[in-house]
Amino acid sequence: MAQILDGKKVSNDIKNEITAEVAKMKENGEKVPHLAAIIVGNDGASMTYVNSKVKACERVGFESTLVRMSSTTSEVELLDKIEELNQDDTIDGFIVQLPLPKQINTQKVLMAVDPDKDVDGFHPTNFGKMSLDMSSFIPATPFGILELLERYDIPTQGKHTVVIGRSHIVGRPMSILMGRSGFPGNSTVTLTHKYTKNITQITSQADIIIIAVGIPDFLKVEMIKDDAVIIDVGITRVPDESNERGYVIKGDVDFENVQKRASHITPVPGGVGPMTIAMLLKNTLLARERHRLEGRR
């Protein structure tokens, strides 16, 4: 049976480490990190996610600001609010919660965020710096995956990593990060997607598989080789009348069967998910440190 890569435990460890850092800042009379979040509309999943970010800030001792805007907010109004946060020196980092209402151009919004406060790591400036191995904010989910691999000391050098899915948030950055120089990295990377032919032929050669396609149970046991490392980023609500909530949460991996052949695997929930918020906090801490060195208050 595979060893579970426990994102819940590791994320708690990271939050404890950040809490200790913040306590030192307070002792030294320094400003503590301040994370802001903008949410437009009343999407239930987005509200839950943003509220969990606010709670995480409270837990580690960060200041936090939640900016709520109505679903009828215009693109201009949102861009004005982003510029206000860009100019506010008391805020170290901020995020715009996605998805946005259809009247707003998401790309234009993400481009408007100051790269120096882009703790989500979505701005092209940060993406470009990451691609060139320069210091930048790494998107929180890929950052969390790297942290899991590092803390469980999973060898990556010379390994064949297959990434399934090429989103800008997970798949594409992971393919770059796993091929970079250093640890975790130095692996040979194959990036696959919905047009990839004979995908089983590719995945069955992989030492490490990172999957983010949003299709429950996509990765079957016959698609992997013995002792492969499986990182499941998928999270989908699947209707299930036998469950009291009326649904179950499933990942992209057929966990029950795949865990019998893999050497390491992330569960869903409790794997990559908790790491995402922990690394958002870590990016905010890094932003605060950067701003302190630049002499901002």
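Note that residues are indexed from 1 along each chain, following the sequence as it is written. For this predicted model, a pLDDT threshold of at least 70 governs which residues receive local features, and a threshold of 80 or more governs which side-chain atom pairs are given and counted, while totals over whole chains, interfaces and linings are taken from all residues. To obtain the side-chain values, all non-hydrogen atoms of the structure were used and water was disregarded.

Participant: Hey, could you run me through the sheet that holds strand 7 (residues 208–211) in this one?
Facilitator: The pairing of strands in a sheet happens through backbone hydrogen bonds and is either parallel or antiparallel. Only strands joined by at least two bridges in the DSSP assignment are considered to pair. Numbering of helices and strands runs from the N terminus, with a helix taken as a DSSP run of H or I at least four residues long and a strand as a DSSP run of E at least two residues long. If you trace the six strands from one edge of the open sheet to the other, you get 1-11-8-7-5-6, paired in parallel fashion. Two strands in the sheet have a free side with no partner beyond their single neighbour: strand 1 (3–4) and strand 6 (188–192). Alignment of strand 8 (residues 229–232) against strand 11 (residues 264–265), held across two bridges, turns out to be parallel. Within the sheet, the bridge partner assigned to valine 229 lies in strand 11 and is histidine 264.

Participant: In this structure, what is going on with the sheet that holds strand 3 (residues 63–69)? I would like to understand it.
Facilitator: The parallel open sheet is built from three strands, whose spatial order is 3-2-4. Each having just a single partner strand, strand 3 and strand 4 (93–96) make up the two edges of the open sheet. When the angles between neighbouring strand axes are averaged without regard to direction, this sheet yields 15°. Relative to strand 4, strand 2 (residues 34–40) runs parallel, the two being bridged by four bridges. Opposite alanine 36, over in strand 4, you have phenylalanine 94 as the bridge partner. We call two residues in contact when some of their heavy atoms are within 4.5 Å. Axes here mean lines fitted to C-alpha atoms, for a helix over just the part in contact, with angles spanning 0 to 180 degrees between N-to-C directions. Helix-sheet contacts for helix 2 (residues 44–60) involve strand 2, strand 3 and strand 4, and the interaxial angle to strand 3 is about 160°.

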